[in-house]
Amino acid sequence: MRSDRPLRTYGHQFDVNCSILFTELPLLERPAAARAAGFEGIELWWPWEAPEPADKDADQLVTAIADAGVHLACLNFIAGDMAAGERGLLSVPAGRDAFRRNVPAATELAARLGCRNLNAPYGNRVDPADARLIRRQDELAIENLQLAADTAARADPGLRVLIEPINSADVPRYPIDSSAKARSVIDKSRRVNVRMLADLYHLATMSEDLSAALEQHADLIGHVQVADVPGRGAPGTGGLDFEPLFAQLAGQGYEGWVGIEHVPADPGDSAPSLAWASA
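Remember, predicted model here, so these are calculated numbers, not experimental data.

The rules behind these values
- Residues numbered from 1 in each chain as written.
- Predicted model: local features only at pLDDT ≥ 70, side-chain atom pairs only at ≥ 80, totals over all residues.
- Heavy atoms only, no water.
- Helix = DSSP H or I, 4+ residues; strand = E, 2+ residues; numbered from the N terminus.
- Rg over C-alpha atoms; globule rule 2.2 N^0.38 Å.
- Buried < 20%, exposed > 50% of the residue type's maximum accessible area, 1.4 Å probe, protein only.
- Contact = heavy atoms within 4.5 Å.
- Areas by Shrake-Rupley, 256 points an atom, 1.4 Å probe, with all protein chains shown as cover.
- Pairing = 2+ DSSP bridges.
- Right-handed = clockwise from strand over helix to strand, strands pointing away.
- Axes fitted to C-alpha atoms, helices over the stretch in contact; angles between N-to-C directions.
- Left-handed = near helix turned anticlockwise from the far one by under 90°.
- Core = buried A, V, L, I, M, F, W, Y, C linked by side-chain atoms within 4.5 Å.
- Polar contact = N/O pair within 3.5 Å; in protein donor to acceptor, adjacent residues only side chain to side chain.
- Salt bridge = Lys/Arg side-chain N within 4 Å of Asp/Glu carboxyl O.
- Expected span 1.5 Å × (residues − 1).
- Disulfide = S-S within 2.5 Å.

## A few points about the overall build of the chain
Secondary structure summary: the chain contains 8 helices and 8 strands in total. Here the C-alpha atoms of the chain give a radius of gyration of 18 Å, agreeing with the 19 Å that 2.2 N^0.38 yields for 279 residues. Expressed along its principal axes, the backbone C-alpha trace of the chain runs to roughly 50 × 45 × 35 Å. For the chain, with 279 residues in total, the buried portion stands at 53%. Look at the contacts in the chain between residues 6 or more apart in sequence, and 77% of them connect residues 24 or more apart. Entry remark: accessible area of the chain is about 11900 Å², with carbon and sulfur atoms responsible for 49%.

## Looking at the pairing of strand β6 (residues 194-199)
Along any regular strand the residues' side chains alternate between the sheet's two faces. Most of β6 sits inside the fold, with 5 of its 6 residues counted as buried. Note: strand β5 (residues 160-163) against β6, 3 bridges, orientation parallel. Following the sheet pairing, V161 is matched in β6 by V194. In the classification by handedness, the crossover that spans β5, the intervening helix α5 (residues 179-189) and the parallel β6 is right-handed. Alignment of β6 against strand β7 (residues 221-226), held across 4 bridges, turns out to be parallel. Bridging across to β7, D199 finds its partner in Q225.

## Some points on the sheet that holds strand β2 (residues 41-44)
Pairing is parallel around the closed barrel formed by 8 strands, whose spatial order is β1-β2-β3-β4-β5-β6-β7-β8. Pairs of neighbouring strands in the sheet enclose a mean axial angle of 30°, with direction left out of account. As paired strands, strand β1 (residues 13-17) and β2 are joined by 3 bridges and run parallel to one another. Opposite D15, over in β2, you have G41 as the bridge partner.

## Considerations on the packing of helix α4 (residues 131-155) against α5
The interhelical angle for the contact between α4 and α5, taken along N-to-C directions, is 65°, at an axis separation of 9 Å. Every pair of crossing elements has a handedness; the one defined by α4 and α5 is right-handed. Contacts between α4 and α5 involve I142, L145 and Q146 from the first element and V185, K188 and S189 from the second.

## Things to note about the nonpolar core
If you look at the biggest cluster of nonpolar residues, it comprises 79 residues, and the most contacted ones within it are L75, F77, I163 and W276. Sort the elements by how many residues they give to this core and helix α3 (residues 96-113) lands first, with 7 residues. Look past the residues within four positions of I163 in its chain and what remains in contact with it is L90, N119, A120, L145, I176, A182, V185, I186, V194, R195, M196 and L197.

## Looking at the side chain of N167
Within the secondary structure layout, N167 lies in the loop between β5 and α5. Owing to a relative accessible area of 0%, N167 belongs among the buried residues under this scheme. Only 2.6 Å separates the side chain of N167 from the backbone nitrogen of D170, close enough to count as a polar contact. Ignoring any residue separated from it by four or fewer positions in sequence, one finds N167 in contact with D177, Y201, H202, T205 and M206.

## Thoughts on the pattern of salt bridges
Enumeration according to the criterion identifies 12 salt bridges in this entry. Taking the shortest distance from any N to any O, the salt bridge between E143 and R136 comes out at 3.4 Å. Note on R136: relative accessible area 32%, which makes it partly exposed.

## Brief notes about unusual backbone geometry
Backbone phi values are negative for most residues with the exception of glycine, while trans is the configuration of most peptide bonds. Of note, the bond from V229 into P230 is cis; its omega dihedral lies within 30 degrees of zero at 0°. Its identity is not glycine, yet R190 carries a phi of approximately 55°, on the positive side. Mapped onto the elements of the fold, R190 is located in the loop between α5 and β6. Using a relative accessible area of 68% as the deciding quantity, one classes R190 as exposed. The phi dihedral of R232 falls on the positive side, at around 60°, and the residue is not glycine.

## Some remarks on α4
Three or four residues apart is the spacing at which side chains of an α-helix point the same way, because the helix has 3.6 residues per turn. Its 25 residues place the ends of α4 36 Å apart at the C-alpha level, agreeing with the 36 Å of an ideal helix rising 1.5 Å per residue. The inward-facing, buried residues of α4 contact α3, β5, α5 and β6. Sitting at the amino-terminal end of α4 is D130, which places a side-chain oxygen 3.1 Å from the backbone nitrogen of R132.

## Considering the state of the cysteines
Enumeration over the complete set of coordinates arrives at 0 disulfides. No disulfide involves C18; its nearest neighbouring cysteine sulfur is the one of C74, lying 13 Å away. Free of any disulfide, C115 has its nearest neighbouring cysteine sulfur in C74, separated by 6.0 Å.

Written out as structure tokens, the structure reads:
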């Protein structure tokens with residue numbers, strides 16, 4: 001299958017995750033590159049190592065996004081050392097202070113840019129064999145999630161905090177690996193501004209019925225991301241049939257952004273791999 005054939009996208013707005021695409025460019029040049037490729041939205045993983053960026057760094061990013069004329073559709077809270085395999089601090093005891101320092105910083109940045117979605121990666125199990133530590137991690141996750149949701153609501157009533165299922169084939173110690181598990185966390189938070197990030201790549205990798213999952217959790221889906229399976233390439237490079245899923249989302253009334261989060265075929269030139277979304 002080819003990724004250069006435009007797909008029927010049923011009117012959805014697509015944003016480009018500039019933490020996985022356009023990485024051949026410096027961070028501050030990526031928003032303009034996404035706009036030049038025809039996209040009006042971007043999203044980002046937390047772009048700094050520190051939980052609180054220097055004022056200059058935050059100001060420069062805000063300016064780069066504004067000057068490019070793109071909207072920030074989603075921003076991740078700090079996720080730890082991604083290169084080392086960390087996938088979030090929400091439930092990680094050693095990351096408690098860093099996460100809680102990051103919450104006001106990320107919330108302020110989102111509010112400055114009119115961003116409506118803050119993604120809170122759950123984090124890996126510290127010791128999958130220690131039941132007491134697992135219980136403590138899950139309790140901490142709810143405490144941190146409630147803190148993040150309350151801080152977001154104070155900053156902007158329209159700002160939501162997202163929980164994302166991430167597949168445990170790629171990330172074996174990540175416990176929230178299904179839409180049902182994500183929904184359980186959301187329900188336990190008891191916060192109306194906590195929603196689900198439905199990443200179709202992760203759900204499909206776990207062999208979920210994507211159409212059924214989108215229907216079952218339609219009331220909680222705050223953001224959607226796409227990449228094909230297997231390989232996390234662009235839609236059209238793998239086995240997923242995206243057009244019926246885009247049609248279903250439109251029929252369910254989903255009006256949010258759809259984040260493009262696939263690996264470009266050529267890491268040195270991201271733009272060609274985005275041709276599928278040009279229709």
